[in-house]
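Coordinate inspection notes
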Amino acid sequence: MRFYGGHQPVNPPLPNYKKHTPKEIKGYLKKEPKHNGKYKVLFYSYSPWKQFGFYYVGFLRKKPLPKNSFQKMESIHHSVFYEKNGVEKIDSFILKEYMIPLKNKDFLFYCFKKILYNFKDDSDILQRDTHAELMTLKTLSNFEPYNKTTKYFSDSLNIAANLPGYSTPLNALLKLKNENRDKSDIDLLNQYLFFEYAAFDKVDTIKQLFYEQHTFKGNRIKNHSTDTIIVNNQLAIPYILKKADSQKIMMINESHYDWRHRYFVTLLLDSLFKKGYKYFCMEALNNPNNINERKFPISDDGFYIKEPFMANLARKALKIGYKLIAYEDTTTNLEENLFNSSIDKREYYQALNLYNQYKKDTGAKWLVYAGYSHINKLRFGPTEPSTMAKYFSEFSHVNPYSINQTTYCDIFNTKVPIDSSDNDENYYYLRKDQINDSILLKQSDLYIINNMHTIPYEISDTAKGVQKYHIYYNNGKTEDRKYFIEVFLKEEYFQNHHAIPIYIKIDSQNVFDKSIWLPKNNYYLIITDNKDKIIYESNL
């Protein structure tokens, strides 16, 4: 039996259950008639890094239970499970029960969630998360060994990172998805799809592939409805730049599905450099030596670097004068027995790699760019995994300034309504009294609302140094056929054909006729078909 969602077992289960499980849960299970302490813990998972305080506990019961209070379900892998109706309050936790039939036995699955908001909201979160998790279940005849699944994910990563162009790896990922449908592959596919479908008019196609969404409504602003948010001109960029004066290290996060987060950081780079920030640390980078010498990104520099907004972020940092630093965990699985989980190991080695670079120049200021909860400054409990930011603080004795872009952001919602006289502004920060969660207040120093919903290069721009470029292409076909519009810096492209385009667009109309606004430079237009074959090229 295996799940292909986010909650993977922590091994060995029984010692970890004893070590990490809150006493309220242990006390309940000890008295629970269906369990009553008679059966061994065969499955254990806890996920404090999701900011939700989940604890999953599984037992094998020799005699099947009556299923009259359970509803029969079937996962996407055609494995049967039973979901108990409703939830139950257990002290400061909420319980959702499931049962998985295994031949003549039943596997009892208890899903607990800490009440962090209120009973209703936390119940909704628990039921949504556990249902999504059980929908990835594989059991018995359609169970696939872990090493086979790992190979699928490894194949996906190699395809996405190493195959040239955009259409070829995308088609290969779609093929893997259709053959396997593991969540790890689908997550990677979702991220890759955003490379091509960065325009929000295409987002419904991608939306269908997600197992779960983290919506803006899930993180409500204190004392305000989600219909109108009073921010009183709380503009994010000037506020961050003011805070930057007194900081040694600033950390800012992103959702790997959201180009807007990368563009926002691009807007900060020039001013932060003038304030003494010399190093830009990117989780996305592989070997930083190559890109620092070359001075522009190519596809070999990392999976996320292939996305044009991430590439533009690295490209601008290099042009300004930053030194790029890589800090991702590159250790093997042999070290995992030293940690509670692979997550904990990754956080530790990311922080250690970052600290080993930082101690070479502690007099400079550093900007660190990471995904999601890596920048959290507080672990969720004394026995639970730490985070990259927390480990780094322990190594360096420096308290980083943590800027969170993901918690109050939903890529699928329309713009957050803002009551502000600055109607043209897209980036706001929340005051501490507007955040409806005491834990969030300790996790990050600043939370951002990002209201950018239009590709910036497609907006008319009269700023100094920006020029209008017109792209026209007629494919001469009567039927629609997908093709990729890719705009490169000409000097980069002819120096290395693996350079990353500044702008990319996918289309299938007979005629593509569009203007874009870019910094004045020499650009080269490449148009490729759905097999990455060049079908048109010219100066732009």
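What you see is a predicted model, and the numbers here were worked out from it, not measured in a lab.

Structural notes on the sheet that holds strand 13 (residues 401–404)
Here we have seven strands laid out as an open sheet, ordered 11-10-12-9-13-16-15, and mixed in their pairing. Every other strand in the sheet has two partners, leaving strand 11 (323–326) and strand 15 (427–429) as the edge strands with one partner each. Taking each pair of neighbouring strands and ignoring which way they run, the sheet shows an average axis angle of 25°. Sitting on the sheet, helix 8 (residues 236–244) touches strand 9 (249–254), strand 10 (277–282), strand 12 (365–371), strand 13, strand 15 and strand 16 (446–450), and the angle it makes with strand 15 is about 55°.

A short note on the packing of aromatic side chains
Taken as a whole, this structure holds 30 aromatic pairs when the rule is applied. For the ring pair Tyr348 and Phe395, a centre distance of 5.5 Å and an interplane angle of 85° mean the geometry is edge-to-face. Pair noted here: Tyr348 is in helix 12 (residues 342–358) and Phe395 is in helix 13 (residues 388–396), with a separation of 47 residues, a long-range link. Its guanidinium or amino end placed over the ring of Phe296, Arg294 lies 5.9 Å from that ring's centre, counting from NZ or CZ.

Focus on the nonpolar core
With 61 residues, the main nonpolar core has Met250, Leu272, Phe280, Met282, Leu324 and Leu367 as its most contacted residues. With eight residues, the top contributor of residues to this core is helix 11 (residues 308–320). Each residue touching Phe280, except ones within four places of it in the same chain, is listed here: Val265, Leu313, Ala317, Tyr322, Lys323, Leu324, Ile325, Leu367 and Tyr369.

Side note on the layout of surface pockets
Once rolled over the atoms, a probe with the size of a water molecule shows which space is left empty. Size it by volume and the second largest pocket reaches roughly 940 Å³. Taken together, 32 residues make up the lining of the second largest pocket; nearest its centre are Thr266, Lys316, Lys319, Tyr457 and Pro519. Elements represented by at least two residues in the lining of the second largest pocket include exactly helix 9 (259–274), helix 11 and strand 20 (511–519). Ranked by residues supplied to the lining of the second largest pocket, first place goes to helix 11 with six residues. Tallied by class, residues from the lining of the second largest pocket come to 17 nonpolar, five polar and 10 charged.

Quick notes on the environment of Lys278
Looking at where Lys278 falls in the secondary structure, it is placed in strand 10. Placed 86 residues apart in sequence, Lys278 and Ala364 show a C-alpha to C-alpha distance of 6.4 Å. Among all residues touching Lys278, those that are not within four sequence positions of it are Phe273, Gly321, Tyr322, Lys323, Asp361, Ala364 and Lys365.

Points about unusual backbone geometry
At Asp91, a residue that is not glycine, the phi angle is positive and equals roughly 55°. Phi is positive for Tyr372, which is not a glycine, with a value near 45°. Topologically, Tyr372 is positioned in the loop between strand 12 and helix 13.

Section: the packing of helix 8 against helix 9
For the pair helix 8 and helix 9, the least separation of the axes is 11 Å and the interaxial angle reads 40°. Accordingly, the angle class assigned to the pair helix 8 and helix 9 is oblique. As for how helix 8 packs across helix 9, the hand of that crossing is right-handed. Listed contacts from helix 9 to Ala236, Ile237, Ile240, Leu241 and Ala244 of helix 8 are Phe264, Leu267, Leu268, Ser271 and Leu272.

Comments concerning the environment of Lys468
Mapped onto the elements, Lys468 comes out in strand 17 (residues 466–474). Lys468 gets classed as exposed once you look at its relative accessible area, which sits at 52%. Expressed as a C-alpha distance, the spacing of Lys468 and Pro519, which sit 51 residues apart in the sequence, is 8.7 Å. With near-sequence residues (within four places) excluded, Lys468 lies in contact with Ser515, Ile516 and Trp517.

Considering the side chain of Gln234
Structurally, Gln234 can be placed in the loop between strand 8 (229–230) and helix 8. By relative accessible area, which is 3% here, Gln234 ends up buried. Leaving out residues up to four positions away in the same chain, Gln234 has contacts with Tyr427, Tyr428, Tyr429, Leu430, Arg431 and Gln434.

With respect to the sheet that holds strand 19 (residues 503–507)
Reading across the sheet, the four strands line up as 19-18-21-22 and stay open at both edges, with antiparallel pairing between neighbours. The sheet is open, and its two edges are formed by strand 19 and strand 22 (534–539), each paired on a single side. Pairwise comparison of adjacent strand axes, ignoring direction, gives a mean angle of 15° for this sheet.

Rules of the game
Residues numbered from 1 in each chain as written. Predicted model: local features only at pLDDT ≥ 70, side-chain atom pairs only at ≥ 80, totals over all residues. Heavy atoms only, no water. Pairing = 2+ DSSP bridges. Helix = DSSP H or I, 4+ residues; strand = E, 2+ residues; numbered from the N terminus. Axes fitted to C-alpha atoms, helices over the stretch in contact; angles between N-to-C directions. Contact = heavy atoms within 4.5 Å. Phe/Tyr/Trp six-rings, centres within 6.5 Å; stacked < 30°, edge-to-face > 60°. Lys NZ or Arg CZ within 6 Å of the ring centre and 35° of its normal. Core = buried A, V, L, I, M, F, W, Y, C linked by side-chain atoms within 4.5 Å. Buried < 20%, exposed > 50% of the residue type's maximum accessible area, 1.4 Å probe, protein only. 1 Å grid on protein atoms, 1.4 Å probe; cavity = no way out; pocket = protein on both sides within 12 Å on 5 of 7 lines; lining within 4 Å. Points joined across faces, edges and corners; volume = space filled by probe spheres on them. Nonpolar A, V, L, I, M, F, W, Y, C, P; charged D, E, K, R; others polar. Parallel < 35°, antiparallel > 145°, perpendicular 65-115°, else oblique. Left-handed = near helix turned anticlockwise from the far one by under 90°.

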